[in-house]
Amino acid sequence: MIIVQHPYISVVVPVHNEQEVLEELYTRLTSSLDQLGKTYEIILTNDGSTDRSAIILQQLHARRPNQIRVIEFNGNFGQHMAIMAGFERVRGEIIITMDADLQNPPEEIGKLVAAMEAGHDVVNTYRQERQDSWWRLAVSKWHNNIRAWMMPKLKMRDEGCMLRAYRRHIVDLMASTGESTTFIPALALTYASNPTEVGVQHAERTAGTSSYNFYQLIRYNFDLVTGFSVFPLQVFTMIGVLVSLCSFAFVIFLFLRRLIIGPEVQGVFTLFAIMFFLIGIVLFGLGIVGEYVGRIYQEVRKRPRFVVRHVLEEKDDNLQEFPLKTRELL
Ligand code: UDP
Ligand code: MG
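Residues numbered from 1 in each chain as written. Chains lettered and ligands numbered in written order. Predicted model: local features only at pLDDT ≥ 70, side-chain atom pairs only at ≥ 80, totals over all residues. Heavy atoms only, no water.

Trainee: Looking at this structure, I do not really get the overall build of the protein chain. What am I missing?
Mentor: Along the backbone of the protein chain there are eleven helices and eight strands. The C-alpha radius of gyration computed for the protein chain amounts to 25 Å, which surpasses the reference 20 Å derived for 330 residues by more than 25%, pointing to a less compact arrangement than a globule. Each principal axis of the C-alpha distribution contributes one length, and for the protein chain these read about 95 × 40 × 40 Å. Residue burial in the protein chain is summarised as follows: out of 330 residues, 44% are buried. Accessible surface for the protein chain amounts to roughly 17600 Å². Of this, 62% is attributable to carbon and sulfur atoms. Across the protein chain, the mean location of the 33 positive side-chain charges is 6 Å away from that of the 35 negative side-chain charges. (Helix = DSSP H or I, 4+ residues; strand = E, 2+ residues; numbered from the N terminus. Rg over C-alpha atoms; globule rule 2.2 N^0.38 Å. Buried < 20%, exposed > 50% of the residue type's maximum accessible area, 1.4 Å probe, protein only. Areas by Shrake-Rupley, 256 points an atom, 1.4 Å probe, with all protein chains shown as cover. Lys, Arg positive; Asp, Glu negative; His and termini not counted. Charge placed at Lys NZ, Arg CZ, Asp CG, Glu CD.)

Trainee: Would you take a moment to explain the coordination of the magnesium ion (ligand 2) for this structure?
Mentor: Ideal values differ by geometry: the angle at a metal is 109.5 degrees with four tetrahedral donors, but 90 or 180 degrees with six octahedral donors. Here the magnesium ion (ligand 2) is held by Asp101 (OD) and Gln103 (OE1), and the distances to it run 1.9 to 2.1 Å. Looking at aspartate 101, the relative accessible area reads 5%, which means it is buried. (Donors = N, O, S within 2.8 Å, 3.2 Å for Na, K, Ca; no water.)

Trainee: What is the right way to read the nonpolar core from this model?
Mentor: Generally speaking, a soluble globular protein has its nonpolar side chains buried in company with each other. The biggest cluster of nonpolar side chains holds 36 residues, and the ones touching the most others in it are Phe87, Tyr166 and Met174. Of all elements in the fold, only β3 (68-73), α3 (79-89), α5 (134-150), α6 (168-176), α7 (184-191) and α8 (214-228) reach the threshold of two or more residues within this core. The element contributing the most residues to this core is α3, with six residues. Membership of the second largest hydrophobic core comes to 35 residues, among which are Leu33, Ile56, Ile68 and Ile94. (Core = buried A, V, L, I, M, F, W, Y, C linked by side-chain atoms within 4.5 Å.)

Trainee: Looking at this structure, how should I read the environment of methionine 162?
Mentor: Among the secondary structure elements, methionine 162 is positioned in the loop between α5 and β6 (164-167). For methionine 162, the residues in contact, after removing those within four places along its chain, are Gln79, His80, Ile83, Thr97, Met98, Asp99, Asn104 and Pro185. (Contact = heavy atoms within 4.5 Å.)

Trainee: I tried to follow the environment of glycine 48 on my own but got confused; where do I start?
Mentor: Within the secondary structure, glycine 48 sits in the loop between β2 (40-46) and α2 (53-63). Sequence-wise, glycine 48 and asparagine 76 are 28 residues apart; in three dimensions their C-alpha atoms are separated by 4.4 Å. With sequence-adjacent residues up to four places away left out, glycine 48 is seen in contact with His16, Phe73, Gly75 and Asn76.

Trainee: What am I meant to see in the sheet that holds strand β1 (residues 9-15) here?
Mentor: Sheet strands line up and pair through hydrogen bonds in the backbone, either parallel or antiparallel. The mixed open sheet is built from eight strands, whose spatial order is β7-β5-β6-β4-β1-β2-β3-β8. Only two strands of the sheet have a single neighbouring strand rather than two, namely β7 (195-201) and β8 (308-312). Neighbouring strand axes in the sheet, compared pairwise and without regard to direction, differ in orientation by 20° on average. Most of the contacts of α2 go to β3, to which it runs at about 155°, and overall it touches β1, β2, β3 and β8. Contacts between α3 and the sheet are confined to β1, β2, β3, β4 (94-97), β6 and β8, with β3 contributing the most and set at about 130° to the helix. (Pairing = 2+ DSSP bridges. Axes fitted to C-alpha atoms, helices over the stretch in contact; angles between N-to-C directions.)

Trainee: Would you mind showing me how to read the environment of leucine 163 here?
Mentor: Structurally, leucine 163 can be placed in the loop between α5 and β6. Note: C-alpha distance between leucine 163 and valine 13 (150 residues apart in sequence) is 9.7 Å. Those residues in contact with leucine 163 that sit more than four places away from it in its chain are Ile96, Thr97, Met98, Asn104, Pro105, Glu108, Ile109, Leu112, Thr125 and Val200.

Trainee: Would you take a moment to explain the packing of aromatic side chains for this structure?
Mentor: Geometrically, a pair of aromatic rings is defined through the distance of the ring centres and the angle of the planes. For the structure shown, the criterion picks out seven aromatic pairs. Judged by centre distance (5.5 Å) and plane angle (90°), the ring pair of phenylalanine 73 and phenylalanine 77 falls under edge-to-face. Under the relative-accessibility criterion, phenylalanine 73 is labelled buried at 1%. Under the relative-accessibility criterion, phenylalanine 77 is labelled partly exposed at 29%. In textbook terms, an aromatic cluster arises when at least three aromatic residues are bridged by ring pairs, as seen for Phe73, Phe77 and Phe306. Lying over the aromatic face of tyrosine 297, arginine 301 brings its terminal NZ or CZ to 4.5 Å of the ring centre. (Phe/Tyr/Trp six-rings, centres within 6.5 Å; stacked < 30°, edge-to-face > 60°. Lys NZ or Arg CZ within 6 Å of the ring centre and 35° of its normal.)

Trainee: Mind showing me how you'd approach the packing of helix α1 (residues 22-36) against α2 here?
Mentor: Helix-helix packing is characterised by the crossing angle of the two axes and by the distance between the axes. Packing of α1 against α2 leaves a shortest axis separation of 10 Å and a crossing angle of 25°. The pairing of α1 with α2 is recorded here as roughly parallel in orientation. In this structure, the crossing between α1 and α2 has a hand that is right-handed. Each of Leu22, Glu23 and Tyr26 in α1 lies in contact with α2, whose residues at this interface are Ser53, Ile56, Leu57, Leu60 and Arg63. Grouping the amino acids of the contact of α1 with α2 by side-chain chemistry returns five nonpolar, one polar and two charged. (Parallel < 35°, antiparallel > 145°, perpendicular 65-115°, else oblique. Left-handed = near helix turned anticlockwise from the far one by under 90°. Nonpolar A, V, L, I, M, F, W, Y, C, P; charged D, E, K, R; others polar.)

Trainee: Where do I start with the packing of α8 against helix α10 (residues 268-300) in this structure?
Mentor: Look at α8 against α10: their axes get within 10 Å of each other, and the N-to-C directions meet at 80°. Here α8 is positioned roughly perpendicular relative to α10, judged by the angle of their axes. Across the interface between the two elements, Arg219, Phe222, Asp223, Val225, Thr226 and Gly227 of α8 pack against Glu291, Tyr292 and Arg295 of α10. Across the contact of α8 with α10, the residue classes break down as three nonpolar, two polar and four charged.

See below:
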């Protein structure tokens, strides 16, 4: 078997309790990559699975030690960190990310590679005929609209689909940011110079369960917004200015009224209603400021964003080094 130091394609897959699908993932992913006729590697990160995923991953590595690399995390650090750990180790020129649960068919990878070869540095995807529960679709739609409004620069039709392709320099940039909470597709777009989008099929989860519940999806949206924009803070400044102007006009009005008509004693409950409304706005604003402070706190603690227990891979010195020229031709 030819051992390749620098494969053309690196596929990065985060794995969290996916024992039912790993075997099928292996078969479908390797056969669709084999069909492409390019050199490739697959990096699977086991993100603290509590089922048999770790053992299955070991077996997969044993089957193709040169092509399948396994990163074993020391706990659960989340899907994006699992991908990030893969990014830190990729050897390929075109990097593909995908979910382990086969909701993104590996057979679509050819489409992404073709788009990369047409000169794009980031290839995003949107799900054609998305198969998910109605509330997930509703949350996604709501989320996409808000994101488009707040962050027009992040042009993505569908940010929930993890089947994506990146050029190596984009991946290296992302891996070097060191941020502990980040949303990889959005981060990639901030570095991309020529991104594009292609439609891909989307299948229902056939086995296992989604690792995300409703609360986590909401948290995730907050992370996305606070991680890439200060728009919520600016909105609050604007609301503050508006409320101050209105109150100022109201004070003038009450002052004149008092001079002309006399003191007012009625309307206590109206006052309460206005007060409660304003207190609500202030609390909401505090919450938003808190989100940003929380992010700063997470970054300044400088804790490692993930801990790798071990990596199963062929060590570099066992591998045949290709001269740079060959690497470019691959
Ligand atoms: N995943 C992970 N760590 C987590 C949660 C999920 O590595 O804490 C992986 C999971 O194994 C899958 C991908 O991330 O490969 C997407 O997860 P899931 O299918 O649960 O999310 P959904 O498709 O429902 O958004
Ligand atoms: Mg899924």
